Amino acid sequence: MRLLLVEDSVALADELLPRLRSEGYACDWLVDGRDAARAAFDDSYDAVVLDLGLPGKNGLDILQEWRDAGLGMPVLVLTARNTWSDRIAGLGAGADDYLGKPFHPDELVLRLRTLLRRSHGADSTPLLTVNGIALDEARQCVRRDGDDISLTGGEFSLLRYFMLNPRRLLSKWQLAEHLYSLDVERNSNVIEVHISHLRDKLGKGIIETRRGQGYVFRGLLP
């Protein structure tokens, strides 16, 4: 899953970026509100973490611009302005959630996880379960018959994206677009390797290949 962090505090970004990446998210970071306003139109983001007090352009104006243009990605607003009127303004502009500063990174991770599941129609149970596969996002492993099946970071990120988009045809380009940040080379061969490893660990039929088109997540169920 690919996230956009829009935050002008370097100290806070330095704290959040490693944590979000350790959770398997590809993260782009922008400071200026004008750059952020354009970025959501130019790139595919699964969610945005948006500060309100930004240089160049106010976060509320950016959010309103996105929503007016029909961009529906989940947006989690961060702000030191934490009064009830500020919350109403943020939610009224189209925010999906609102987190006041200071906050603990664990809470941000949990809120993001909930937003992403909700946006894909998945439930909020501890395990992400789709078509017989139970993914423990907190521990980045698959649970089966009481045992853990370990995953590498790349395998986890890819499997989570497949599970949030079950039975949807996904091209290599789409997968790369949502799994890698802008500063990482998007190599489709790496995706093929991860898919091969997931099949070895979980079963050959969990991911269907459609030649010339892409892949479809099937899970363990027919």
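Predicted model only: the values in this text are computed from it and were never measured. (Residues numbered from 1 in each chain as written. Predicted model: local features only at pLDDT ≥ 70, side-chain atom pairs only at ≥ 80, totals over all residues. Heavy atoms only, no water.)

### Some details on the packing of aromatic side chains
Just so we agree on the cut-off: What counts as a ring pair is set by centres within 6.5 Å for rings of Phe, Tyr and Trp (its six-membered ring), and what kind of pair is set by the plane angle: stacked under 30 degrees, edge-to-face over 60, tilted for all other angles. In this scheme, the term charge over a ring applies when either NZ of a lysine or CZ of an arginine sits within 6 Å of the ring centre and within 35 degrees of the ring normal.
This structure, assessed with the given rule, holds 1 aromatic pair. A cation over a ring is seen here: R160 above Y25, with NZ or CZ 4.2 Å from the ring centre.

### Some thoughts on the pairing of strand β10 (residues 207–210)
One face of the sheet, then the other: side chains in a regular strand alternate in exactly this way. The criterion, for reference: The criterion for strand pairing is that DSSP finds at least two bridges linking the strands in question. Strands here are runs of E lasting at least two residues and helices are runs of H or I lasting at least four, both read from the DSSP assignment and numbered beginning at the N terminus.
With 4 bridges joining them, β10 and strand β11 (residues 214–217) adopt antiparallel strand pairing. For E208, the partnering residue across the bridge sits in β11 and is V216. Turn length for the β10-β11 hairpin, with the two strands adjacent in sequence and antiparallel, is 3 residues, and the turn residue G212 shows positive phi of about 75°.

### Here we look at the nonpolar core
Convention followed: The set of buried Ala, Val, Leu, Ile, Met, Phe, Trp, Tyr and Cys residues whose side-chain atoms join them within 4.5 Å is what this entry labels a nonpolar core. Summary of the burial criterion: residues with accessible area below 20% of their type's maximum are buried, those above 50% are exposed, and those between are partly exposed, where the area comes from a 1.4 Å probe applied to protein chains only. Throughout, a contact is declared for two residues whenever any of their heavy atoms are within 4.5 Å.
Ranked by internal contacts, the top residues of the largest apolar core, which has 48 residues, are L108, L159, F162 and L175. It is helix α6 (residues 153–163) that contributes the most residues to this core, 6 residues altogether. Not counting residues within four places of it along the chain, the set of residues in contact with L175 comprises L158, Y161, F162, L170, I191 and Y215. Ranked by size, the runner-up nonpolar core spans 20 residues in total, among them L4, A39, W66 and A93.

### Topic: the sheet that holds strand β5 (residues 97–100)
Where we set the bar: Axes, fitted as lines to C-alpha atoms, cover a helix only where it is in contact. Angles between the N-to-C directions of the axes lie from 0 to 180 degrees.
Read across the open sheet, the 5 strands follow the order β2-β1-β3-β4-β5; overall the sheet is parallel. Edge positions in the sheet fall to β2 (26–30) and β5, since each of these pairs with one other strand and no more. Between one strand axis and the next, the sheet turns by 20° as a mean value, whatever way the strands run. As judged from the 4 bridges shared by strand β3 (residues 47–51) and strand β4 (residues 75–79), these two strands associate in the parallel manner. If you follow V48 over to β4, its bridge partner there is V75.

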